[in-house]
Amino acid sequence: MKTWKDMAALAAPLLVLALSVTVSVAEPRPAGQGPTLSPNVPPTAEQLHWLLGRVIENQHRNDRAIEEYERIEHVVVRKDEGAEVISDRTERLFPSGTGLFHLQTAQSVPPVSPELRRRQLQNAIFALDLYLHPNERVRQDVVKFEKRRHDRADLVDAMAQAFHATWAGRETRGSQTLAKILLDPDPSFKPASHLSAAFEHVHAVLWVDESQSQTARVEIEITSDITFGGGIVAKVYHGGHFVMEQSEVAPGTWLPTLYTYDVDGRKFVVGFNVHEETRVSHYHHVGPPSQSIEVLRNELNELTAESPTH
């Protein structure tokens, strides 16, 4: 597998798991099976169930909210975990209505010329205008995007039966005190799709901001190989892991600030590896396409005024 685009379909179950989790509740583990993080009284099973239900509701809202935010993404790719850097790029991600535009900015690596910025802004404005006044092809793209969004939401909701949750105390990370919850596959879970079947092969640790019922961090470990097409089409090897962190970017809205992927596998007979760290910053609300197009038009006008073409 040669590109991240190819890998995305295989990583989707892990990414969805990282972004939101809803589970059935298990009793706390006996001492010795995990660190005692706080003497605080743990929640009851009903309280924990309620908390995780609120987490999933909020995550659905976050997933919709991010479609109206631009941000800066810095991606570092390595050949192997801890090895030398083979790619280092910084891009501006701007919502397109059916996905994202990848734009160069003053922070971009490598640096970008004003001419390239102008062309990218013009192309993005043209695409947004086409989204707002769609032809048949764009209408089909919108339908496909809505289906992907619906399928993702269904997959998240399907996790309700996928895991047992175990309270592991409260832990201070930086300036936050977070609830720590261990997630183990429920052996009685019967997956309805090959994507949800991936949940049988992972264990996770979830950190939650209890005051806002928001996911602050999740760590996922692949404990057994994940196969696709009976292992003929693809396989993601055990031992891989994934980390995602979120923080509040607006009142009640928490969006990702960090992703790390360390995953190896193969597609058919070709091996692949994904060892990436992505840091996301500079979130800015630009609204739906009817509003965000004006953001880009204003930028294009300012850029043209600064360096007019001849």
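Please refer to the structure placed before this passage.
A short tour of the structure in this document, coming up. Remember, it's a predicted structure, so these values are computed and weren't measured experimentally.

Basis of the calculations
Residues numbered from 1 in each chain as written. Predicted model: local features only at pLDDT ≥ 70, side-chain atom pairs only at ≥ 80, totals over all residues. Heavy atoms only, no water. Helix = DSSP H or I, 4+ residues; strand = E, 2+ residues; numbered from the N terminus. Buried < 20%, exposed > 50% of the residue type's maximum accessible area, 1.4 Å probe, protein only. Lys, Arg positive; Asp, Glu negative; His and termini not counted. Salt bridge = Lys/Arg side-chain N within 4 Å of Asp/Glu carboxyl O. Contact = heavy atoms within 4.5 Å. Pairing = 2+ DSSP bridges. Phe/Tyr/Trp six-rings, centres within 6.5 Å; stacked < 30°, edge-to-face > 60°.

1. Description of the side chain of glutamate 73
Checked against the element boundaries, glutamate 73 lands in strand S2 (residues 69–78). The side chain of glutamate 73 sits in the buried core without any salt bridge; arginine 89 is the nearest counter-charge, 4.9 Å away. Beyond its immediate chain neighbours, meaning those up to four positions away, glutamate 73 contacts Arg89, Thr90, Glu91, Leu93, Thr278 and Arg279.

2. Quick notes on the pairing of strand S8 (residues 214–222)
Across the 9 residues of S8, 7 count as buried, placing the element largely inside the fold. In the sheet, strand S7 (residues 202–209) pairs with S8 via 8 bridges, with the strands oriented antiparallel. The partner of alanine 204 across the bridge, within S8, is isoleucine 220. Between S7 and S8, which follow one another and run antiparallel, lie 4 residues, and serine 213 among them has a positive phi close to 55°. Where S8 meets strand S11 (residues 241–250), 5 bridges bridge the pair, whose relative direction is antiparallel. From the neighbouring strand, valine 218 faces S11, where its bridge partner is methionine 244.

3. Considerations on the packing of aromatic side chains
The geometry of two aromatic rings is summed up by the distance between their centres and the angle between their planes. This model, assessed by the stated rule, comprises 5 aromatic pairs. Between tyrosine 69 and tyrosine 283, the ring centres sit 6.2 Å apart and the planes meet at 75°, which makes this aromatic pair edge-to-face. Linking tyrosine 69 in strand S2 with tyrosine 283 in strand S13 (residues 270–285), this pair joins segments that are 214 residues apart in sequence. Here tyrosine 283 falls in the buried class, since its relative accessible area comes to 18%. Centroid distance phenylalanine 242 to tyrosine 261: 4.6 Å. Interplanar angle 55°. Geometry classified as tilted. One end of the pair, phenylalanine 242, is in strand S11; the other, tyrosine 261, is in strand S12 (residues 253–267), and 19 residues separate them in sequence. The pair phenylalanine 242 / tyrosine 261 is uniform in exposure class, with both members buried. Put simply, the rings of Phe242, Tyr259 and Tyr261 pair up and form one aromatic cluster.

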